[in-house]
Amino acid sequence: MFLHNFKYAMRTTMKNKTTLIWTLLFPIALATFMYMSFGELFEEEMMDVIPVAVVVQESNPSFEEVLASLSKEGEDQVIDMTVTSEKKALEKLENEEVDAIIYVTDIVYLKVPGNSYEATVLKTIIEEYYKVRYVVTDIGKTAPEMMQNALANLRSDNQYYTKMKTSDGNQDVYTNYFYAIFAMSCLFASFVACEKIQKIQANVSPLGMRRCLSPNSKMITILAEFFAMLITQFAIELITLAYMVMLGVDFGNKYPQIILVLFFGSCIGISFGIIIGSMTRFSSGAKEGICTCISMILSVMADLCASGIKYSIEQTMPIINRLNPSALIVDSFYALNIYDTYDRYFQNIATLGIMSAVLIIISFFIIRRNKYASL
Amino acid sequence: MANAIEVKNLVKRYKELVALDHFNLEIKEGEIFGLLGPNGSGKTTTINCILSLLSYDKGEIKVFGREMHPNSYDIKKDIGVVMQNVAVFDELTVYDNVDYFCGLYIKDKAQRKQYVNEAIEFVGLEDYTKFLPKKLSGGLLRRLNIACGIAHKPKLIFFDEPTVAVDPQSRNKILEGITKLNEDGATIVYTSHYMEEVEQICSRILIMDKGKNVAIGTKEELKKMIKNTETISIEVMGLEEDVLKELKELPHAYDVKYENMTLLIYFSGGKHNLVRVLECLQKRDISFGRVYSELPTLNDVFLEITGKELRD
Ligand SMILES: Nc1ncnc2c1ncn2[C@@H]1O[C@H](COP(=O)(O)OP(=O)(O)OP(=O)(O)O)[C@@H](O)[C@H]1O
Ligand SMILES: [Mg+2]
């Protein structure tokens, strides 16, 4: 009986093309929109090398070595330097042929117009140089035998600069928006679930009435509908994930874990819709409104529209973030990205799973209600 | 014959409104039982109470001799319902709809396939199996609604106004079909506010009004309950008061009405009523148009008992 119900639940879900297409189009459109707004951050071209003029006023072999290594051609190249006279350098800066002038003396300094992204990178390079030089000098004094090692470190630090370059501009915040898209799209599954569950209830639809008359437990019908919607929604989330990866959104490489988040995210969205759909008090229009509102509010609270809301909730009422499914989904991604351990990730996922089960059980008890006072 | 349905002292209230007021009903197996009543008289409410969809305030309901509960699955499997509102999936084709509902009752695949095809043939939708409900006309949709309700070959079938919005031709097909189902052994409960339909197919009829049982019996028994035996109606222009008076004095006549140029004379018994009426008119040289002599209908029964017309 489950299989029979499931087969037709699947068929009705798939045949409802408009809803299906919108549920899919929605996260994809949102992702595209976000990508277009701050998409440059994800493009490889942004790894462009920074053209700089270098004016050597006093020899400084250690820094020159750093510069040479940073401008070595290849994937890790950070700067493209031209060693020249001060006059020519100023000319080039004027003509915007270079972004900055680096003066090399015993103390290195930088001339950059304004406060650009390139300026930040270059400043950091120089600061880092000083830090390391200090360490190296210190080592020279205290443990000269380590000197070789320290110098090698200094030279091979390109990786660090390159990385700093790409993650600059708060890419984490932007990626967070993409996590929030998943949260939102999962919760929007509630919409379909709400609609479908009303077709099980005798007091809401004639169809529900007819299904009520059949000699079968309602739990079977609910579960069949649940799994059919889960599979569909999960597939939609996977397609969205693939699309975002294609756009170049950096999710790290823990894909199995990410997919698990999407699975439980779909679960919670659907069970959410099921519980709202089974509340008999509201008209079906009102229920759909409630679904939309709650999905929006919860997603905004998980920083879909602006970052910082989730953080302030964390400061004032952290329990909300522990229970808000949208925040849990976003936080699972975040935890995967930040932590090496899975404690927080699994805690989030477990909360999602348990909440989902509880909601379905409650709605079963509401729906299976023996008789209705009014139809 | 055993009772298929027994309803005793059923009371159902919607807030202040009393929809069923100590309502009693007994339906025997093998009957086509008609529930006749005007809009809002409580027909659908009665059926929903019997089906255990609605809670009720008082009373006792037994189906096939057993008390009916929402999870009386062994009773439910023998019941088929064709509801007043069309209840089908918009997303599924005609075939899939029937197959889905049939599959809720019949587990065996081969048997189910056979039943589904028989049901589709029964309502004459063979040419539409691949159609979606929205592509069907109102009448065809009603037929699909019927197929969904009866595909599992239930022993007891409820038809709640299945012919609303159906053209006369389809209506006749549906009525014939219902008779056929009954011949094949099903007990039928048929509700309608069209008395002609009820008269045509029902073996026993219950007339209800405002949630109360007004009269019950075969159509002949019902008609015998009232004094009216014949109504004569004549199209005639400009009748004077004294003529009406004289007509009312005719033997067996108990009432005369003259409205919209139609003369109505009600008789209770008597054999040559029409002749006497026409003689009376001819004597005064009054010309008249069409003349009908009608035997009592269920409408007359309803009219006499409740004082209002059954028709809308
Ligand atoms: N859900 C409800 N809430 C309140 N009153 C109701 C409800 N359903 C029916 N009623 C009232 O109960 C009475 C009986 O309604 P019911 O639907 O049983 O009539 P019916 O005989 O089936 O009429 P129809 O021929 O129009 O189908 C009516 O007065 C109706 O207004
Ligand atoms: Mg009704």
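Keep in mind that this is a model prediction, so the values were computed, not measured.

K.L.:
What am I meant to see in the overall build of chain B here?
P.N.:
Counting its secondary structure elements, chain B contains 11 helices and 14 strands. Oriented by its inertia axes, the alpha-carbon framework of chain B measures out at about 75 × 45 × 35 Å. The buried share of chain B, reckoned over its 312 residues, is 52%. For chain B, long-range pairs separated by at least 24 residues make up 66% of all intrachain contacts whose partners lie at least 6 apart in sequence.

K.L.:
Help me out: how do you make sense of unusual backbone geometry in this one?
P.N.:
Residues and elements named next belong to chain B. For His22, which is not glycine, the phi torsion reads 45° and is therefore positive. Mapped onto the secondary structure, His22 falls in strand S2 (residues 17–28). A residue is classified by how much of its surface remains accessible, and His22, at 37% relative accessible area, is partly exposed. The phi angle at Met261 is positive, at roughly 60°, despite the residue not being glycine. Among the structural elements, Met261 can be located in the loop between strand S12 (253–259) and strand S13 (262–267). The exposure class of Met261 is partly exposed, given its relative accessible area of 47%.

K.L.:
Can you help me understand the sheet that holds strand S9 (residues 204–209) of chain B in this one?
P.N.:
In any sheet, the strands associate via hydrogen bonds between backbone groups, in a parallel or an antiparallel arrangement. Residues and elements named next belong to chain B. Judged by pairing direction, the sheet is mixed, and its 6 strands sit side by side in the order S6-S7-S8-S3-S9-S10 without closing on themselves. Taken across any chain shown, the strands that pair with only one partner, and hence form the sheet edges, are strand S6 (79–82) and strand S10 (212–217). Strand-to-strand twist across the sheet, computed as the mean angle between neighbouring axes with direction ignored, equals 15°. As paired elements, S9 and S10 share 5 bridges and run antiparallel to each other. Residue pairing across strands places Ile207 opposite Ala215, the latter belonging to S10. Seen against the sheet, helix H6 (residues 168–183) touches strand S3 (32–36), strand S7 (156–160) and strand S8 (187–192) and runs at an angle of roughly 155° to S8. Taken strand by strand, helix H11 (residues 298–306) contacts S3, S9 and S10, and its axis lies near 40° from that of S9.

K.L.:
Any chance you could explain the coordination of the magnesium ion (ligand 2) here in plain terms?
P.N.:
Each pair of donors in an ideal octahedron of six around a metal sits at 90 or 180 degrees, and each pair in an ideal tetrahedron of four sits at 109.5 degrees. Residue and element names in this part refer to chain B. Only Thr44 (OG1) and Gln84 (OE1) from the protein reach the magnesium ion (ligand 2) as donors, at distances of 1.8 to 2.2 Å. Here Gln84 lies in the loop between S6 and helix H3 (94–103) and Thr44 lies in helix H1 (residues 43–50), a separation of 40 residues in the sequence. A relative accessible area of 27% places Thr44 in the partly exposed class. By relative accessible area, which is 26% here, Gln84 ends up partly exposed.

K.L.:
For this particular structure, what's the right way to read the layout of surface pockets?
P.N.:
Remark: the empty space left among the atoms is shown by a probe the size of a water molecule rolled over them. Roughly 470 Å³ of internal volume is contained in the second largest pocket. Taken together, 31 residues form the lining of the second largest pocket, with Tyr14, Thr44, Thr45, Asn48 and Gln84 of chain B sitting closest to its centre. Counting only elements with at least two residues in the lining of the second largest pocket, the list comes to helix H9 (206–212) of chain A together with S2, H1, S6 and S7 of chain B. No other element matches the 5 residues that H1 of chain B contributes to the lining of the second largest pocket. When the residues that make up the lining of the second largest pocket are grouped by side-chain class, the tally is 15 nonpolar, 12 polar and 4 charged.

K.L.:
Any chance you could explain empty space enclosed by the protein here in plain terms?
P.N.:
The full count for this structure, using the stated rule, is 5 cavities of 30 Å³ or more. In terms of lining residues, the largest cavity is bounded by Thr13, Asn16, Thr19, Leu20, Thr23, Ala189, Val192, Met229, Thr232, Gln233, Ile236 and Ile270 of chain A. Mapped by element, the contributors of at least two residues to the lining of the largest cavity are helix H2 (17–38), helix H8 (171–198) and helix H10 (218–247) of chain A. A per-element tally of the lining of the largest cavity places H10 of chain A first, with 4 residues. When its residues are assigned to classes, the lining of the largest cavity shows 6 nonpolar, 6 polar and no charged. Taken as a whole, the second largest cavity holds about 100 Å³ of empty space. Forming the walls of the second largest cavity are Phe122, Val123, Arg143, Ile146, Phe159, Lys173, Ile174, Gly177 and Ile178 of chain B. Looking at the lining of the second largest cavity, the elements that each hand over two or more residues are helix H5 (138–150) and H6 of chain B.

K.L.:
Looking at this structure, how should I read the domain arrangement of chain B?
P.N.:
It is common to report an interface's size as the accessible area lost on association of the parts. Domain boundaries assigned for chain B yield domain 1 (3–223) and domain 2 (230–295). Centre-to-centre, using C-alpha coordinates, domain 1 of chain B lies 42 Å away from domain 2 of chain B.

K.L.:
Can you walk me through the nonpolar core in this structure?
P.N.:
As a rule of thumb, soluble globular proteins bury nonpolar side chains together. If you look at the biggest cluster of nonpolar residues, it comprises 87 residues, and the most contacted ones within it are Phe158 and Phe159 of chain B. Of the residues forming this core, the biggest block, 6 residues, is contributed by H5 of chain B. In this structure Phe158 of chain B touches Ile5, Ile47, Ile50, Leu51, Ile79, Gly80, Val81, Val82 and Val189 of chain B, once residues within four positions along its chain are discounted. Membership of the second largest hydrophobic core comes to 46 residues, among which are Met184, Phe234, Tyr243 and Tyr345 of chain A.

K.L.:
Where do I start with the interface of chain A and chain B in this structure?
P.N.:
Listed as interface residues are 29 residues of chain A and, on the opposing side, 35 residues of chain B. A combined buried area of about 3000 Å² lies between chain A and chain B, and 62% of that area is made up of carbon and sulfur atoms. Summed over the shared surface of chain A and chain B, the result is 2 salt bridges. In this structure, Arg11 of chain A and Asp96 of chain B form a salt bridge, with 2.8 Å as the shortest nitrogen-oxygen distance. Counting across the chain A and chain B interface gives 15 residue pairs in polar contact (both at pLDDT 80 or more).

K.L.:
Which parts of the structure should I look at to understand the pattern of salt bridges?
P.N.:
Close approach of charged atoms allows side chains of opposite charge to pair. Applying the stated criterion across every chain, the model contains 25 salt bridges over all chains. Measuring nitrogen to oxygen at the nearest pair gives 2.9 Å for the salt bridge that ties Glu225 of chain A to Arg211 of chain A. You can see Glu225 of chain A sitting in helix H10 and its partner Arg211 of chain A sitting in helix H9, a full 14 residues away along the chain. Linking Lys223 of chain B and Glu199 of chain B is a salt bridge whose minimum nitrogen-to-oxygen distance equals 3.0 Å. Of this pair, Lys223 of chain B sits in helix H8 (residues 219–224) while Glu199 of chain B sits in helix H7 (residues 195–201), and the two are 24 residues apart along the sequence. For the pair Lys223 of chain B and Glu199 of chain B, one class covers both residues: buried. Overlapping salt bridges, with partners in common, bring together Asp242, Glu246, Lys283 and Arg284 of chain B in one network.

K.L.:
Even after reading the chapter, I still don't get the pairing of S2 of chain B, so can you show me in this structure?
P.N.:
Walk down a regular strand and you will see the side chains alternate between the two sheet faces. Residues and elements named next belong to chain B. Sheet topology note: the strand S1 (residues 3–14)/S2 ladder contains 8 bridges and is antiparallel. When the sheet's bridge partners are listed, Val7 is paired in S2 with Leu25. Here S1 folds back onto S2, and the loop between the two strands holds 2 residues, one of which, Lys15, carries a positive phi near 50°.

K.L.:
Just checking my understanding: could you explain the packing of helix H9 (residues 241–248) of chain B against helix H10 (residues 273–283) of chain B for this structure?
P.N.:
Between two packed helices, what matters for the description is the angle formed by their axes and the separation of those axes. Residue and element names in this part refer to chain B. The N-to-C vectors of H9 and H10 enclose an angle of 150°; their axes lie 10 Å apart at closest approach. When the axis of H9 is compared with that of H10, the two are roughly antiparallel. In terms of crossing hand, the pair formed by H9 and H10 is right-handed. Judged by residue contacts, Val243, Glu246 and Leu247 of H9 engage Val277, Cys280, Leu281 and Lys283 from H10. Residue composition of the contact of H9 with H10, grouped by class: 5 nonpolar, no polar and 2 charged.

Conventions we followed
- Residues numbered from 1 in each chain as written.
- Chains lettered and ligands numbered in written order.
- Predicted model: local features only at pLDDT ≥ 70, side-chain atom pairs only at ≥ 80, totals over all residues.
- Heavy atoms only, no water.
- Helix = DSSP H or I, 4+ residues; strand = E, 2+ residues; numbered from the N terminus.
- Buried < 20%, exposed > 50% of the residue type's maximum accessible area, 1.4 Å probe, protein only.
- Contact = heavy atoms within 4.5 Å.
- Pairing = 2+ DSSP bridges.
- Axes fitted to C-alpha atoms, helices over the stretch in contact; angles between N-to-C directions.
- Donors = N, O, S within 2.8 Å, 3.2 Å for Na, K, Ca; no water.
- 1 Å grid on protein atoms, 1.4 Å probe; cavity = no way out; pocket = protein on both sides within 12 Å on 5 of 7 lines; lining within 4 Å.
- Points joined across faces, edges and corners; volume = space filled by probe spheres on them.
- Nonpolar A, V, L, I, M, F, W, Y, C, P; charged D, E, K, R; others polar.
- Domains from an automatic or database assignment.
- Core = buried A, V, L, I, M, F, W, Y, C linked by side-chain atoms within 4.5 Å.
- Buried area = accessible area lost by both parts, 1.4 Å probe.
- Salt bridge = Lys/Arg side-chain N within 4 Å of Asp/Glu carboxyl O.
- Polar contact = N/O pair within 3.5 Å; in protein donor to acceptor, adjacent residues only side chain to side chain.
- Parallel < 35°, antiparallel > 145°, perpendicular 65-115°, else oblique.
- Left-handed = near helix turned anticlockwise from the far one by under 90°.

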